Amino acid sequence: MQVYLKDWGGEQLISCFDQPTGSLILIGIHSSILGPATGGTRMMSYASDDLAISDCLRLSKSMTYKFALADFPRGGGKAVISIPASLSDKDRKGLLKRYGQLVNKLNGLFYTGPDIGISQDDLEEIGKYAPNYVFCKTNNQGQANHSGEATALGVLSAIKSTIWHLYSNDELENKVILVQGAGSVGHALILLLLEEKASVLFTDIKPPSKILIDKGAQFVAPEEIFKQECIVFSPCAQGGILDNETIKQLNCKAVVGAANNQLVNDEALELLREKDILYAPDFAVNIGGAMVVTGIETFNWSNEKVSAEIEKIGSTLELIYDSAEEKNISTVDAALEIVRNRLQQKVYDL
Ligand code: PHE
């Protein structure tokens, strides 16, 4: 754990073992330079405590990158709750209560919202004990409700600017886009792509949604996904999917998706460059949900403001592509340059 924390470069890792359920609660406060640490709560089973810890650290760091790139006044944080393989409803409720109490006790050090394994009802439950620090609670006046759609709008904006970069127009009609995962983000993204008349292939671990099929999206079996010929491959499920094996199979011009931490390591980034596949850094693409929800619930953003900020996701990506080309560096390095400048600028301003 020492080694992880040293390499992480974050501010603090709050950890707590929940005795009644045998769950490990982790809250990574990566950076509060730009504002209070904010990020989703991920709740799932991990094969080991080590994996849960490294996930929490990596995810909280990418929240810092996302907010800095979007020039949004929030810092990076993330909670990971590693639960046993089975948890009764009663135990789950108890765990969420204790987690909510912990978030409340932090008194604004950490603000949270949804992520993998957390439903609206769960957020509602957590919010009962930490009312000021939980986004996306159900049916609350003025609350943004859910973040999947806003994330999908941001991914669409990023896909369009990628198509622009490749073809000098952002026409999606008949362009093949491959979406991995049809959960809250993937499903919304597929609908948006179909509206733009793109030719959509998708996969999911669940049986395909009838709505998507009826509207013309084509289902591909999960194991067949990587080798499909397409223009843009859009990973919108779990992270860690781009490695030596999967990159070898890819038959696309660009990867632009919402999943957090898509690349297993730096080598994966090199492999993509060797194959001349344009990689849109995930943290540049998937900020839509967290930004819009926080913008609406904290700063009362209007619909116009939301649309303008979503558009900015595409234009920032364009800057990243251009700067990477100009300096002959990877797109991730180009994005991190912007992040570092924003963080440093703020430190100087203090
Ligand atoms: N799941 C979101 C992300 O990874 C986190 C989030 C959503 C945080 C909504 C706050 C509000 O970006």
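Calculation criteria
- Residues numbered from 1 in each chain as written.
- Predicted model: local features only at pLDDT ≥ 70, side-chain atom pairs only at ≥ 80, totals over all residues.
- Heavy atoms only, no water.
- Helix = DSSP H or I, 4+ residues; strand = E, 2+ residues; numbered from the N terminus.
- Rg over C-alpha atoms; globule rule 2.2 N^0.38 Å.
- Buried < 20%, exposed > 50% of the residue type's maximum accessible area, 1.4 Å probe, protein only.
- Areas by Shrake-Rupley, 256 points an atom, 1.4 Å probe, with all protein chains shown as cover.
- Core = buried A, V, L, I, M, F, W, Y, C linked by side-chain atoms within 4.5 Å.
- Contact = heavy atoms within 4.5 Å.
- Pairing = 2+ DSSP bridges.
- Axes fitted to C-alpha atoms, helices over the stretch in contact; angles between N-to-C directions.

Let's shift gears to the overall build of the protein chain. Helix and strand content of the protein chain: 13 helices and 11 strands. Compactness check: the protein chain gives a C-alpha radius of gyration of 19 Å against a globular reference of 20 Å for 350 residues, within 12% of the reference. Reported as C-alpha extents along the three principal axes, the dimensions of the protein chain are approximately 55 × 50 × 40 Å. Taken across its 350 residues, the protein chain has 55% of its residues classed as buried. When the accessible surface of the protein chain is totalled, it reaches about 15900 Å², and 48% of it is carbon and sulfur.

Now for the nonpolar core. Core analysis: the largest hydrophobic core is formed by 80 residues, its most contacted members being I159, L193, F233 and L242. Once residues within four sequence positions are removed from consideration, L242 is found in contact with F233, I247, L250, V255, Q262, L263, V264, A268, L272 and Y279. Formed by 27 residues, the second largest nonpolar core is a distinct cluster that contains A79, L96, L102 and I118.

What follows deals with the sheet that holds strand 2 (residues 23-31). Strands sit in the order 1-2-4-3-5 across an open sheet of five strands; the sheet is mixed. A single partner strand is all that each edge strand has here, and the edge strands are strand 1 (12-18) and strand 5 (110-113). Pairs of neighbouring strands in the sheet enclose a mean axial angle of 20 degrees, with direction left out of account. Here strand 3 (residues 37-44) pairs with strand 5 via four bridges, running parallel. Bridging across to strand 5, A37 finds its partner in F110.

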